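Chain residues, written in single-letter form:
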Amino acid sequence: MTKNFLLAKEVHKSLFDSGFTIPVNLYEIFSCYLRGGRLHHGEKRTIKIFLGDEIFDVTLTSINFNRENYPTNKDIWQVRYSKNSPVAKKIREIFTAKKFFTFCATDVKDVFCLQANSACDELTLENLLELPTLTDTQENFVERLGLKKYRERNRINGERLKKNYGYCCQICGLNVGLFYGAQVADCHHINYFSVSLDNAASNLLIVCPNHHRIIHAANPTFDRERKSFLYPNGLEEILKLNEHL
Ligand SMILES: [Zn+2]
Ligand SMILES: [Zn+2]
């Protein structure tokens, strides 16, 4: 079965008990995979979704809001199901520990596919934004996620900051690649990029690869006043280096 990528989204509570919204900029392409073509305002249809090796019926809805009250609002398309439906149960089973899901079309019209996407975790995303050159498949992935414009901006801001800090980690102050003649500083998004899409320097932190892994594994909160990370185990780590936050 061919899968044609449509969208990747963060897993939210609504995915577990009601459904998800199709972004307006996807209506055109999405309609190509619908037997009946474009949805009309207020229309409801049944489509099928593959989840693991099972297939479920869900409702595709164009919300029937009153157009006279909201004349400038675009139509809102959603994939819907009820909290107690078998599909919602299966989704909770598969996606509870996952951060992202992808929604793909198949070669059969009205049949789609929902998957957990481990290849699109926050660290992977950040790395894709930073890599100087991308392979063909990475390029493709970045394009599908619509991240091209963010990527350029990120690389410029990130590279400038890394130089400013002499490739040292703002947390431990070390340039861990120096001894090996390598530059391995990473760029971390304080408010996760997948959520904030914020690439400004004020959202970036230069960190060593070890601290970068630790941040994503332990998920500490960043205190902007104190310029410190507060870890769930109670540890507070104040930035050793900071000139831009
Ligand atoms: Zn470090
Ligand atoms: Zn990061």
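Think of each chain on its own: its residues are numbered from 1, step by step along the sequence as written. In the order they appear in the text, chains get letters beginning with A and ligands get numbers beginning with 1. In view of the model being predicted, local features appear only for residues whose pLDDT reaches at least 70, and side-chain atom pairs are presented and counted only at 80 or more, with totals across whole chains, interfaces and linings using the full set of residues.

Description of the sheet that holds strand E11 (residues 228-230)
What counts is decided by this rule: A strand pair is defined by DSSP finding two or more bridges across the two strands. Secondary structure elements are taken from DSSP: a helix is a run of H or I of four residues or more, a strand is a run of E of two residues or more, and numbering for both begins at the N terminus. Lines are fitted to the C-alpha atoms to define the axes, a helix being fitted only along its stretch in contact, and any angle between axes, read from their N-to-C directions, falls within 0 to 180 degrees.
Here three strands make up an open sheet; going across it, the order is E10-E11-E12 and the pairing antiparallel. For this open sheet the edge positions go to strand E10 (221-223) and strand E12 (236-238), each flanked by a neighbour on one side alone. The average undirected angle you get between the axes of adjacent strands in this sheet is 25°. With three bridges connecting them, E11 and E12 associate as antiparallel partners. Bridge pairing links Phe229 to Glu237 in E12.

Some thoughts on the sheet that holds strand E4 (residues 54-62)
The strand order across the open sheet built from seven strands is E1-E6-E7-E3-E4-E5-E2, with neighbouring strands paired in mixed fashion. Both outer strands of the open sheet, strand E1 (4-10) and strand E2 (19-22), are each paired with one neighbouring strand and no more. Strand after strand, the sheet turns through a mean of 30° between neighbouring axes, direction not considered. Here E2 pairs with strand E5 (residues 77-80) via four bridges, running antiparallel. What sits directly across from Phe20, in E5, is Val79.

Some details on the nonpolar core
Note the threshold: Remark: nonpolar core denotes a set of buried Ala, Val, Leu, Ile, Met, Phe, Trp, Tyr and Cys residues whose joining runs through C-beta atoms within 7 Å. Think of it as a crowd count around each C-beta: if 20 or more other C-beta atoms lie within 10 Å the residue is buried, if 12 or fewer it is exposed, and in between it is partly exposed, with C-beta placed from the backbone throughout. By definition, residue pairs are in contact when their C-beta atoms, positioned from the backbone, come within 7 Å.
In this structure, Ile49, Phe112 and Leu114 are the most contacted members of the largest nonpolar core, which totals 17 residues. Taken together, the elements giving at least two residues each to this core come down to strand E3 (44-51), E4, E5, strand E6 (100-105) and strand E7 (111-116). Broken down by element, this core gets its largest block of residues, four residues, from E6. In this structure Leu114 touches Ile49, Leu51, Phe101 and Phe103, once residues within four positions along its chain are discounted. Counting eleven residues, the second largest nonpolar core, distinct from the first, contains Ala185, Cys187, Leu205 and Ile206.

Some thoughts on helix H8 (residues 209-218)
Because each turn of an α-helix spans 3.6 residues, side chains separated by three or four positions end up pointing in the same direction. Rules: As used here, the arc is the angular range of directions from the helix axis to the C-beta atoms.
Three or more residues of H8 are buried, namely His211, His212 and Ile215. Seen end-on, H8 carries its buried residues on one side only, within an arc spanning 105°. For H8, the exposed residues set more than 90 degrees away from the buried face come down to Ala217 and Ala218. In this structure, the buried residues of H8 make contact with strand E8 (186-189) and strand E9 (204-207). Just downstream of H8 lies Asn219, where phi reads positive at about 55°.

Brief notes about the environment of Cys168
Mapping Cys168 onto the fold places it in the loop between helix H6 (148-164) and E8. Setting aside residues no more than four positions away along its own chain, Cys168 makes contact with Gly173, Leu174, Asn175 and Leu241.

Some remarks on the environment of Leu60
Looking at the secondary structure, you find Leu60 in strand E4. A tally of 22 C-beta atoms within 10 Å means that Leu60 is categorised as buried. The sequence separation of Leu60 and Tyr33 amounts to 27 residues, and the corresponding C-alpha distance is 13 Å. Setting aside residues up to four positions removed in sequence, Leu60 forms contacts with Leu39, Arg45, Ile47, Trp77 and Val79.

Overview of the domain arrangement of the protein
Applicable threshold: Residue ranges for the domains originate in an automatic or database domain assignment.
As assigned here, the protein comprises domain 1 (4-118) and domain 2 (156-238). Using C-alpha coordinates to define each centre, domain 1 is positioned 35 Å away from domain 2.

Looking at the pairing of E8
Every second residue of E8 is oriented toward a common face, with Asp186 and His188 on one face and Cys187 and His189 on the other, all of them buried. Two elements, E8 and E9, share four bridges in a ladder whose sense is antiparallel. Within E9, the position partnered with His188 by the bridge is Leu205.

Some thoughts on unusual backbone geometry
Unusually for a residue other than glycine, Asp110 sits at a positive phi of about 70°. Here Asp110 shows up in the loop between E6 and E7. Looking at Asp110, the number of C-beta atoms within 10 Å reads 16, which means it is partly exposed. Phi at Asn219 takes a positive value of approximately 55°, unusual for a residue other than glycine. On the secondary structure map, Asn219 appears in the loop between H8 and E10. Exposure remark for Asn219: the 12 C-beta atoms within 10 Å place this residue in the exposed category.

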